Amino acid sequence: GAALCIGELASSRGITLGDKKSAALLSCSEKERPIGSQLFGNDPEIMDLAAQKALTFNPDFIDINMGCPAPKVAGNGGGSALMKDDDAYLAEKIEKKVVESVDLPITVKMRTGWDSDSLNAVELAKRCENAGASMITVHGRTRQQMYSPGIDYKTIADVKKAVKIPVVANGDVVDGESAKYMLEVTGCDYLMVGRAAQGNPFVFEEINAYLSGEEYTPPTLEEKFAVLLEQVSLMQKYKAERVAILESRKHTAWYMTGLHGAANIRRMCGEISSIGDIERIIEFALEQNKDL
């Protein structure tokens, strides 16, 4: 039910240096379309070169991340570090450079600011629009806030009023009700869902149904776990099998959220070393949750 997808966050420097892991994050499959390649970095020339390399994977658009709060990203000048007051010009310069050299829509993801003393999302959004951005996504928190407390709806709404290009609202959209509220109070054009889809890819169908006034029937546990197995199978197809299995530990744990005995089940997930382990965990979870 998602309208579009954005790929994993990839380092522009890693891509230009030929790092295979970074390049692998740019892969696009036909079933994911429309899909955008997502890049981070703080050097206009390197970001431009990375965007050129991303074109070989045939994305539908390229997303420049100016919102990631992770220390390994922001600590190196990328992601939300571009929202520091003294880096706003650099962010605009990066956007302009990529827009001018890549014949694809270039979108931007940002936060409300670096910290509470620099809520500059409106200014940065205007700069990005002037530089040629096709769409802007705003996560309603500063970098300092990471993922809590609540969302700053006003700043997202202010960005929407300040630019003419589409604005996407992001943050704490977890179901139909929260989706409708976000749209109503911000006036935004679209919504982005991130963490709420972890272990619950059905959230998009739920939101679409709620917004259109249609009835939504949640999947049964058996249906949820069938999708989990399909997801891990696809991970093995697109990644090295060992990498896929290790990553499946957190994905499997996310699917167990809210179940009876979830804490114990999550501990079991930390020991997954094969598809067989996941199947045994599913059997155990179903046994523990016969009443659901």
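Residues numbered from 1 in each chain as written. Predicted model: local features only at pLDDT ≥ 70, side-chain atom pairs only at ≥ 80, totals over all residues. Heavy atoms only, no water.

### Side note on the nonpolar core
Formed by 43 residues in total, the largest nonpolar core has its most connected members in Leu-39, Met-66, Met-110 and Cys-128. Excluding its chain neighbours within four sequence positions, the residues that come into contact with Met-110 are Met-66, Gly-67, Met-83, Ala-121, Leu-124, Ala-125, Cys-128, Ile-136, Thr-137, Val-138 and His-139. Within the second largest apolar cluster, 16 residues are counted, among which are Ile-245, Ala-253, Cys-269 and Ile-281. (Core = buried A, V, L, I, M, F, W, Y, C linked by side-chain atoms within 4.5 Å. Buried < 20%, exposed > 50% of the residue type's maximum accessible area, 1.4 Å probe, protein only. Contact = heavy atoms within 4.5 Å.)

### Overview of the side chain of Ser-22
Relative to the elements of secondary structure, Ser-22 occurs in helix 2 (residues 20–24). By relative accessible area, Ser-22 is classed as buried at 9%. (Helix = DSSP H or I, 4+ residues; strand = E, 2+ residues; numbered from the N terminus.)

### Focus: the environment of Ala-50
Along the chain, Ala-50 turns up in helix 3 (residues 44–54). Leaving out residues up to four positions away in the same chain, Ala-50 has contacts with Ser-12, Ile-15, Thr-16 and Leu-39.

### What to know about the sheet that holds strand 3 (residues 61–66)
To summarise the sheet geometry, strands pair through backbone hydrogen bonds and adopt either a parallel or an antiparallel arrangement. Ordered by their spatial adjacency, seven strands build an open sheet running 1-2-3-4-5-6-7, and the pairing between neighbours is parallel. In this open sheet, the two strands that pair with only one neighbour each are strand 1 (5–11) and strand 7 (190–192). Neighbouring strand axes in the sheet, compared pairwise and without regard to direction, differ in orientation by 30 degrees on average. With four bridges connecting them, strand 5 (residues 135–142) and strand 6 (residues 167–170) associate as parallel partners. (Pairing = 2+ DSSP bridges. Axes fitted to C-alpha atoms, helices over the stretch in contact; angles between N-to-C directions.)

### Some remarks on the pattern of salt bridges
Two side chains of opposite charge can pair, provided their charged atoms sit close to one another. Per the stated rule, a full pass over the model turns up 14 salt bridges. Residues Arg-33 and Asp-60 are paired through a salt bridge, measuring 3.1 Å at the closest nitrogen-oxygen approach. Separated by 27 residues along the polypeptide, Arg-33 in the loop between helix 2 and strand 2 (35–40) and Asp-60 in the loop between helix 3 and strand 3 bring together distant segments of the chain. A relative accessible area of 30% means that Asp-60 is categorised as partly exposed. (Salt bridge = Lys/Arg side-chain N within 4 Å of Asp/Glu carboxyl O.)

### Side note on the pairing of strand 3
Buried residues dominate strand 3, accounting for six of its six residues. The side-chain alternation of strand 3 yields two buried faces, one formed by Phe-61, Asp-63 and Asn-65 and the other by Ile-62, Ile-64 and Met-66. Of the pairings in the sheet, the one linking strand 2 to strand 3 comprises four bridges and is parallel in character. Its bridge partner lying in strand 3, Ser-37 is registered against Ile-62. The handedness of the strand 2 to strand 3 crossover, carried by helix 3, is right-handed. Across five bridges, the pairing between strand 3 and strand 4 (residues 106–113) is parallel. Bridge pairing links Asp-63 to Thr-107 in strand 4. (Right-handed = clockwise from strand over helix to strand, strands pointing away.)

### Examining the packing of helix 12 (residues 262–269) against helix 13 (residues 275–288)
Here helix 12 crosses helix 13 at 175 degrees, and the two axes come no closer than 10 Å. For the element pair helix 12 / helix 13, the angle class is roughly antiparallel. Counted together, Asn-264, Ile-265, Met-268 and Cys-269 of helix 12 and Ile-281, Phe-284 and Ala-285 of helix 13 form the full contact between these two elements. Looking at the contact of helix 12 with helix 13 residue by residue, the classes come out as six nonpolar, one polar and no charged. (Parallel < 35°, antiparallel > 145°, perpendicular 65-115°, else oblique. Nonpolar A, V, L, I, M, F, W, Y, C, P; charged D, E, K, R; others polar.)

All quantities given are derived from atomic positions and should not be read as evidence of function.
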